[in-house]
Amino acid sequence: ATYFQNNKLITFQKKRMKFRTTFLLIIFSFSLLLIWDSWSTYSTIDKQGSPSKSLQVNDKKNELERNDNTGNLDSDLPQLKELSVIKPTPIDDLVDKRQKTSLIEIKNNKLRLLINPRGGIIEYSELLDQKSDNSDSGTVLLLNNSEMLKYSAQTGLISAGQTNSKLPDHLSTFSVAEKTSNQVVLTAENENVQLKKIIQLQDNSNAINVEHEIKNLSNKAINIGLYFQLYRDSTPPEGESSFYNTYTGPVIYTKEGKFQKPSFSDIEKSKQDHIKVANDGWLGIIQHYYVVAWLFKNEIKREFYTRKLKNNKFSVGAIQLLENIGANEKRSVSNILYVGPQYQEELKKLEDGLDLVVDYGVLTVIAKPIFWLLDKLHNIVGNWGWAIVSLTITIKLLFFPLTAASYKSMAKMKAVSPKIMKIREQHKDNKMQLNNAMMELYKKEKINPLGGCLPILIQIPVFIALYWVLLASAEIRDAPWIFWIKDLSEPDPFFILPVIMAATMFIQMKLNPAPPDPLQAKIMMAMPIIFSIFFFFFPSGLVLYWLVNNIVSIAQQWSIMRKLDVKV
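Residues numbered from 1 in each chain as written. Predicted model: local features only at pLDDT ≥ 70, side-chain atom pairs only at ≥ 80, totals over all residues. Heavy atoms only, no water.

Draft legend 1. Representation of the sheet that holds strand E21 (residues 330-341). Across the sheet, nine strands lie side by side as E9-E10-E11-E12-E21-E18-E17-E14-E15; this open sheet has antiparallel pairing. Both outer strands of the open sheet, strand E9 (175-179) and strand E15 (258-260), are each paired with one neighbouring strand and no more. On average, each strand axis in the sheet is tilted by 20° relative to the strand beside it, whichever way the strands run. Judged from the five bridges that link them, strand E14 (residues 249-254) and strand E17 (residues 282-287) form a sheet pairing that is antiparallel. Residue pairing across strands places glycine 249 opposite isoleucine 286, the latter belonging to E17. (Pairing = 2+ DSSP bridges. Helix = DSSP H or I, 4+ residues; strand = E, 2+ residues; numbered from the N terminus. Axes fitted to C-alpha atoms, helices over the stretch in contact; angles between N-to-C directions.)

Draft legend 2. The pattern of salt bridges, seen in detail. Inspection of every chain in the model, using the stated rule, returns 12 salt bridges. The partner of aspartate 169 in a salt bridge is lysine 166, and the shortest N-O contact between them spans 2.9 Å. As a salt-bridge pair, lysine 368 and aspartate 355 come within 3.0 Å of each other at their nearest N and O atoms. Of this pair, lysine 368 sits in helix H4 (residues 364-381) while aspartate 355 sits in the loop between helix H3 (344-350) and H4, and the two are 13 residues apart along the sequence. Connected through shared salt-bridge partners, Glu105, Arg112 and Glu126 make up one network. (Salt bridge = Lys/Arg side-chain N within 4 Å of Asp/Glu carboxyl O.)

Draft legend 3. Geometry of the packing of helix H10 (residues 496-511) against helix H12 (residues 540-563). Between H10 and H12, the least distance of the axes is 9 Å, while the angle of their chain directions is 25°. Our classification of the angle between H10 and H12 gives roughly parallel. Every pair of crossing elements has a handedness; the one defined by H10 and H12 is left-handed. Together, Leu497, Pro498, Ile500, Met501, Thr504, Met505, Ile507, Gln508 and Leu511 of H10 and Ser540, Val543, Leu544, Trp546, Leu547, Asn550, Ile551, Ser553, Ile554, Gln557 and Met561 of H12 make up the contact between the two elements. Along the lines of polarity and charge, the residues of the contact of H10 with H12 split into 14 nonpolar, six polar and no charged. (Parallel < 35°, antiparallel > 145°, perpendicular 65-115°, else oblique. Left-handed = near helix turned anticlockwise from the far one by under 90°. Contact = heavy atoms within 4.5 Å. Nonpolar A, V, L, I, M, F, W, Y, C, P; charged D, E, K, R; others polar.)

Draft legend 4. Structural detail: the nonpolar core. Residues Ile208, Ile214, Leu230, Leu283, Trp294, Leu337 and Val339 are the most contacted members of the largest nonpolar core, which totals 51 residues. The element best represented in this core is strand E13 (residues 222-233), accounting for five residues. Ignoring any residue separated from it by four or fewer positions in sequence, one finds valine 339 in contact with Leu111, Ser125, Leu127, Leu142, Leu143, Asn206, Ile208, Val291 and Val292. Core analysis: the next-biggest nonpolar cluster, separate from the first, contains 45 residues, Ala367, Val389, Val462 and Met527 among them. (Core = buried A, V, L, I, M, F, W, Y, C linked by side-chain atoms within 4.5 Å. Buried < 20%, exposed > 50% of the residue type's maximum accessible area, 1.4 Å probe, protein only.)

Draft legend 5. View of unusual backbone geometry. Within the chain, asparagine 192 stands out as a residue other than glycine whose phi angle is a positive 60°. Relative to the assigned elements, asparagine 192 resides in the loop between strand E10 (183-190) and strand E11 (193-201).

Draft legend 6. Summary view of the packing of H4 against helix H5 (residues 384-398). Between H4 and H5, whose axes approach to 8 Å, the crossing angle comes to 125°. Comparing the axis directions of H4 and H5 gives the class oblique. In the crossing of H4 with H5, the sense of the turn from one axis to the other is right-handed. Contacts between H4 and H5 pair Ile370, Leu373, Leu374, Asp375, Leu377, His378 and Val381 from the former with Trp384, Trp386, Ala387, Ile388, Ser390, Leu391 and Thr394 from the latter.

In C-alpha cells form, the structure reads like this:
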C-alpha cells in the first residue's frame, strides 16, 4: 500500500510540474508567435530596395501629366470558365507602349479619385479624412500607381463564344462624355459594342457607384461577359508594424462559401481554394484597417477568379454573363466599389458579410460580441480609451468567480510557502519522503496545486479575442485618450504605459507564490521585462487594456488575500 501511495504521489507531482511547464510554454509561445509574425512580414518585403514615396498629386493643376508606363494593364484578360466558353483575342504587345495620359479627378469630402481614360481604371484613391505619415499628402492612399505600389480597380467586357473579337475593356481608350466634381462618364466603342462607364461618388461616403451601360450596335443578339477586378502586387502596406502581422490579400464572400481568404502566396502556388460560381457575394482586398471591395447590387450569377499575373502582380475578380442582348438593345448593370476604412457599422449597411473584413481570425465568434460591447461603451463614455478601460473592468468582473477561485488557491499556496520551503529543506535528499510530506500538507491545508491555473486557462481565448479586437478595429485608429496618447493605434511615444505595465506585472509576481523550481522563478521574474520590451512597440490601446487588466487583477487578488489573512 505504501508503494502504490508513493507512486501516486510521484505521479501527481510529475503532473503538477508538467502542467506548470505547459503553462509557461503557452506564455512563451505567444511571444514567439509575435516574433514569427515579425519575421514573416520582413521576409515578404520586396528585396529590390527600399520603397520610394507615394505618387505625388498636383493639386494646382487638378490633373496629373505623366509617362503612363506603369505596367498595370496585363495582356491576359479574365476568362469565363464555368458560365460560358470564352476565347478572348490576344492583345498586341504594342499596347504597353502608351503615351502621356491626363488623369481625371473626382472627389467628395471623403475620397479623391484619379481615373485613367486608358481603360477607365480607378488607379488612385486618397482617403481625405484618414491621416497618415506614410504619404506625401499626409492622408491614407489605397489605390495607387507608384513605384512603391501597383493597386487599381478595373472593369471591362469580354466576348462570350466569339473569336477574334476585341470589346471595350481595361486596355481600351475611353473618351470623356460628361464630367462634374464628383462624377465622370466615359465611353468606348468597338466591334459594334458601346460601353459607357458612369463613375459617381456618393455624398459623404466611401462608396462609389459604378454603372456599366452596354449597347449592342449590331443587328443580332450577343452574349457578353462584364468583369470587375482588383489588381495589386503583394507589397505589404507601408507603415505596418514589425512586431505583429495582419493579413493583406484577397477575400471572397458568398452565402455558400462564407468568408474566404485566398492569400497571395496560395494564388502564386495555385493552391487557392474559394467558391467559383455563385448567385450572390462580393470580392475585395483587405489590409490592416482598410478594404477595397466590389459589391454586386444585382442578382446576376457571377464567376469568381483569382490569378497570378506577370511581374509579381495578382488579380481577384468576378465575371457576370449578360445573355441575349438584342440588336440595338441597352443593358445596364449597377455596382458599388467601396474604398475606405473597416468601420463595421457602415460596412454592415452596405452589404451582407462585409463587416467580416475586420479580420479577428479563428476567434471571430468571441471577438464580435466583445467589439459590440466596446462600441456600446464608447457610445456612453464618448472616448475609445475610456471605453477600453470600461470594457476591461467589465470583463474582469464577469470572470470574477473564476479568478476568485484562482486567487484563493494561489493565496493558500503563498500562505504555506514557508512550510513548503521547510519541508524541501528537511527532505532534500529523499524525494519519496518529500512527496509524502507535500501531499500531507496539501491535504491538511485543503489546497489544490492546479486550482490556480485552470481558471486562467479558461479565460485565455477571451483575452486573446480582446487582443485582436483592439488590434484590428479601425475605429481605434486616430482615436485619442488623454494627454500624451493622441492615437490609440500607435505606440506610446514616451513608453509611459509599457513601463507602468511592467511594474504592475512585477507586483503580480510578488503577490503569487514563488515557483519551487529556481529556474522557473528566474523565468517568471524576467517576464515583466520581456513583455514590456514587446509592448514598447504595440499600439497604446493594447497596452492600456493590459495595464488596466493588471491593476484590476492586483486589486482583486489583494482583496482576497486580505480576507484569507494571507500576508500581502
